[in-house]
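Report on the structure
Residues per chain, in single letters:
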Amino acid sequence: MNRLSNPELTILRKSAPVAREAEDHALAPVRIGIGAISRHHPSFVQLYYAIEARRTSAMPLVVQFISPTPGIGASTVASGYARVAADDCAQPVLYIDCNGSAPKKRRGSSPETQPLTLCDALRRGLPLSDAINPARDAKNLVCARLGTGERPLLALGGERLQSLLDMLRTNHPVIVLDTPSTEAPESAAVSRYCDGSVLVVAAGRSRQAEIENAKSLLERLGGQTVGVVLNRVRGVMPRWLGHH
Amino acid sequence: MQPGGLSLSWPNPNFLPPLRRPPFVVVLAGIENSEIVDAALADPALTEAVLPKLEPSCTPPCEALLWRLETASGDSLVRTGWLRRHWHRRPYAITLRLVQYQPGSVTPEILDEGTLGTRGRRAAFKTGIDRLAMRFVRDAALGRSRGPAGSPPAAAPHGSFGWLDALRETWRERLMTEWWSIGSSATPIARVLSGGGLGQIAWHRTKTAHRYLADPFPWPGTNRILCEEMPLTNGVGRIVAVTEIDKTLTSPIILLDDGCHHSYPCSLLDNGVVCCVPESTERGATRIYWLDNDGKLQPLCDPAPNARLADPTLFKCHDRYWLGCTDLDLGDHDNLCFLHAPAITGPWTPHALWPVKIDVRGARSAGMLFDVDGRLFRPGQDCAATYGAAVAVYEIIELSETEFSEVPVVVLRPDKAGPFPHGLHTLVHDGSRFWVDGKRFVLDLGQLRHKLLGRVSRVLSKMGVE
């Protein structure tokens, strides 16, 4: 089932070095571009290729992004990875937000404020494409919400999630699951339906015991941790000093 | 018979799966690849029925069966610049068709037809077009096409540039606030249906305040009016009852206020019992109540446990109960769906065509249906130019569990010289006169400050400032 192997550590810095791009070009005129991918943050590109290197099959890939505690930045990392993947894949990459949310209330509420979710589409027999929306600021990337309510993964259940992912694999080469932290047990249980789970931890915030517990929980529930992303790393030296 | 008396017969003699028609090849033209189109073409329900071959530029005659997406003028949707020509331009509506051409033929056969609104974000407009096109294709593949619509197609786009109109709309939304109120007109039904208009409307509460009234419906057996009371600030409406005494409305009596948004309290007098279906746009929250004389609402049943329905309109026809509504999962202002049941308590069944109609110019319900000399009339909202811009009245020609057809009769537009010149949203008849609600855009400084503070708060939260 799993189409990824061997864990690896990827480090994401706190700030993006976008402002220095022009100067870098001047210093290195013979620069090999990777098409549209070159506009992304290098750490996300590194993460993408680190996961690609661990692929053992050309079959569509389901990658879960999960953190030991909330507020670590797993959604940002998942989104960054999905954008890089979208620029590298021929078919649309699907980003699924599995985090719960309370429905909004307003007069004349529109689908834009309460979009159809994948769970709702399944339940109502509507085509899944009705629950999928193109990302606003990225090409070849489509987004969907798994469900509404506080714990959509619990509402869906394992078998239905498996069927859902099987259906989505037919049209999406990469499916990114942005799941809540391992504090919600059902979130860790999702890992068994994925080809691999990426554990996102924050420098100076995630404790070693939390990271180890999260990793062992994922493995105990049948998942496979393919990598650990160290997020929010602050450099000791100023960036301008480090580059010269 | 086996020894011991056991029968060898199968519990179900017809144990073999029913024969299914093999999928047939169809060339799909008139629409280009997009994320939505690609995802819809991978839908298993579609691919089990047809094998679509996407050839965007194919024109008739074609060697294979051809399904082509076209505008009302016969143009395909792959023509350069068509999106720019239609987006956010008058009449703010575009009619799309799925047309079938037999192999080698140039004779068109309209399989499906619908009219979409062209306002909103440009990307959302494109996505809406793709979704509608693929819904036509899916329904045609599954044998659920609606056929030609009974209404004339939308006119060709005209007026100012789309981007200019969109900019104007954006600033109007930012600066202005909608103010609604209810009114009544004693104009006879026959005159209204013959195009004579609503005549003089007696409006109530024309001055702005903190709460407005909208969606009037009669409370059968009383002289009271059920309506929605909406605060300008939090957007959560509640159901109230008011009485008109000496041409003024009494203070509202609250009937339903549970913290969730409710509006459009459609009522029906059935065997001496008043039933009421307020709009509740949360998923599965649509509920039919029994309304007693004291104003208490007793739940009767939930007709659509998984759907988000807008403007549920309860009526009785051909000894069945019907609930006309807009399915918000399919679109917010442009579709009409029906549920039907043998009794008001259910079981409620969706109509074979879901939706039965797609038209931003009148699909969404705008009040109770009314019967005139055995003819059934349905008011619908014209939401093309703005939400609740006008009321279109249709005559229902055919309504059954599998069929639906209606024809337009008259369009009632707001009086530009009246106090509510920007919208006419509901049309109901209480037996003696019509009740309507109207819209006016106002510059409300308190509401403007509220919007501004909300925007600043959102920007600060994005920047991580507590």
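Note that the coordinates shown come from a computational prediction; the quantities given were computed from them, not determined experimentally.

Moving on: the overall build of chain A. Of the regular secondary structure elements, chain A holds nine helices and eight strands. Buried residues in chain A amount to 44% of all 244 residues. The long-range fraction of contacts in chain A, counting pairs at least 24 apart against all pairs at least 6 apart in sequence, stands at 81%.

Quick look at the pairing of strand β2 (residues 61-66) of chain A now. Residues and elements named next belong to chain A. Of all six residues making up β2, six are buried, and the element is well covered by its neighbours. Along β2, one buried face is formed by Leu-61, Val-63 and Phe-65 and the opposite face, lined by Val-62, Gln-64 and Ile-66, is buried too. Where β2 meets strand β6 (residues 174-178), five bridges bridge the pair, whose relative direction is parallel. Following the sheet pairing, Leu-61 is matched in β6 by Val-174. Here four bridges tie β2 to strand β7 (residues 196-202), and the two strands are oriented parallel to one another.

Next up on the list: the sheet that holds strand β7 (residues 202-203) of chain B. Residue and element names in this part refer to chain B. An order of β7-β6-β27-β26 is seen for the four strands of this open sheet, with the pairing classed as antiparallel. Each edge of the sheet is formed by a strand with only one pairing partner; in this case those strands are β7 and β26 (423-429). Where strand β6 (residues 177-185) and strand β27 (residues 434-442) come together, nine bridges link them in antiparallel fashion. Bridging across to β27, Ile-182 finds its partner in Asp-437.

Further remarks concern the domain arrangement of chain B. All names here are of chain B. When cut into domains, chain B gives domain 1 (24-169) and domain 2 (178-449). Considering every element that reaches the side of domain 1 that touches domain 2, the biggest residue donor is strand β5 (residues 109-117), with four residues. Partitioned by chemical class, the residues of the side of domain 1 that touches domain 2 number six nonpolar, five polar and two charged.

Chain B puts 32 residues into the contact, and the matching count from chain A is 27 residues. Counting only elements with at least two residues in the side of chain B that touches chain A, the list comes to α1 (35-41), α2 (44-49) and α4 (122-141) of chain B. With six residues, the top contributor of residues to the side of chain B that touches chain A is α4(B). Its residues assigned to classes, the side of chain B that touches chain A shows 15 nonpolar, eight polar and nine charged.

A separate point is the sheet that holds strand β16 (residues 297-301) of chain B. Backbone hydrogen bonds are what pair the strands of a sheet, in a parallel or an antiparallel way. Residue and element names in this part refer to chain B. Read across the open sheet, the four strands follow the order β13-β14-β15-β16; overall the sheet is antiparallel. In this open sheet, the two strands that pair with only one neighbour each are β13 (263-270) and β16. For this sheet, the mean inter-axis angle between neighbouring strands, taken without regard to orientation, is 35 degrees.

Right, let's get into the confidence of the model for chain B. All names here are of chain B. Chain-level statistics for chain B give a pLDDT mean of 91 and a share of 95% at 70 or above. Ranking the elements of chain B by mean pLDDT puts helix α7 (residues 445-462) last, at 86, and strand β19 (residues 335-341) first, at 97. pLDDT under 50 marks residues 1-8. Its contacts with residues more than four places away, or in other chains, come to two contacts. Across the interface, the model reports ipTM at 0.81; the global pTM reads 0.85.

In this model, helix α3 (residues 74-88) of chain A (15 residues) spans 21 Å end to end at C-alpha, consistent with the 21 Å of a helix rising 1.5 Å per residue. With respect to burial, α3(A) is a largely interior element, 12 of its 15 residues being buried.

We now examine the confidence of the model for chain A. Residue and element names in this part refer to chain A. Looking at chain A, the pLDDT average stands at 78 and 75% of residues meet or exceed 70. In this model residues 14-34 is a low-confidence stretch, pLDDT under 50, and it forms seven contacts with partners more than four residues away in sequence or in other chains. Contacts from residues 105-112, a stretch scored under 50 in pLDDT, to residues over four places away or in other chains number 22 contacts.

What follows concerns the pairing of strand β23 (residues 375-382) of chain B. All names here are of chain B. For β23, the buried fraction is high: six of the eight residues fall into the buried class. Of the strand pairs in this sheet, strand β22 (residues 370-372) and β23 are connected by three bridges, and their pairing is antiparallel. Of the residues in β23, the one forming a bridge with Phe-370 is Phe-377. Connecting the antiparallel pair β22 and β23 is a turn made up of two residues, with Asp-373 showing a positive phi of about 50 degrees.

Once that is clear, we can look at the environment of A:Arg160. Residue and element names in this part refer to chain A. Inspection of the secondary structure puts Arg-160 in helix α6 (residues 158-169). For Arg-160, a count of 14 C-beta atoms within 10 Å corresponds to the partly exposed category. Between the C-alpha atom of Arg-160 and that of Cys-119, which follows or precedes it by 41 residues, the distance is 9.1 Å.

So, about the packing of helix α2 (residues 42-53) of chain A against α3(A). Residues and elements named next belong to chain A. Relative orientation of the contacting elements α2 and α3 amounts to 70 degrees, with a least axis distance of 9 Å. With respect to α3, the axis of α2 lies roughly perpendicular. Residues Phe-44, Val-45, Leu-47 and Tyr-48 of α2 touch α3, and the partners they reach there are Gly-80, Tyr-81, Val-84 and Ala-85. Residues that form the contact of α2 with α3 fall into these classes: seven nonpolar, one polar and no charged.

Definitions and cut-offs
- Every chain's residues receive numbers from 1 upward, in the order its sequence appears when written.
- Going through the entries in the order they are written, you letter the chains from A and number the ligands from 1.
- Local features in this predicted model are restricted to residues whose pLDDT is 70 or higher, and side-chain atom pairs enter the listing and the counts only when it is 80 or higher, whereas totals over whole chains, interfaces and linings include all residues.
- Secondary structure elements are defined from DSSP: runs of H or I of at least 4 residues count as helices, runs of E of at least 2 residues count as strands, and each element is numbered from the N terminus.
- For every residue, the other C-beta atoms within 10 Å of its own C-beta are counted; 20 or more classify it as buried, 12 or fewer as exposed, and values in between as partly exposed. C-beta atoms are placed from the backbone.
- We call two residues in contact whenever the C-beta atoms placed from their backbones are within 7 Å.
- A strand pair is defined by DSSP finding two or more bridges across the two strands.
- Domain start and stop points were drawn from an automatic or database domain assignment.
- Here the term charged refers only to Asp, Glu, Lys and Arg, the term nonpolar to Ala, Val, Leu, Ile, Met, Phe, Trp, Tyr, Cys and Pro, and the term polar to all other amino acids, Gly among them.
- Every axis in this analysis is a line fitted to C-alpha atoms, fitted for helices over the stretch in contact. Angles between the N-to-C directions lie between 0 and 180 degrees.
- How sure the predictor is of each residue is captured by pLDDT, a score from 0 to 100.
- By this rule the span expected of a helix is its residue count minus one, scaled by 1.5 Å.
- Roughly parallel means an angle under 35 degrees; roughly antiparallel means over 145; roughly perpendicular covers 65 to 115; every other angle is labelled oblique.

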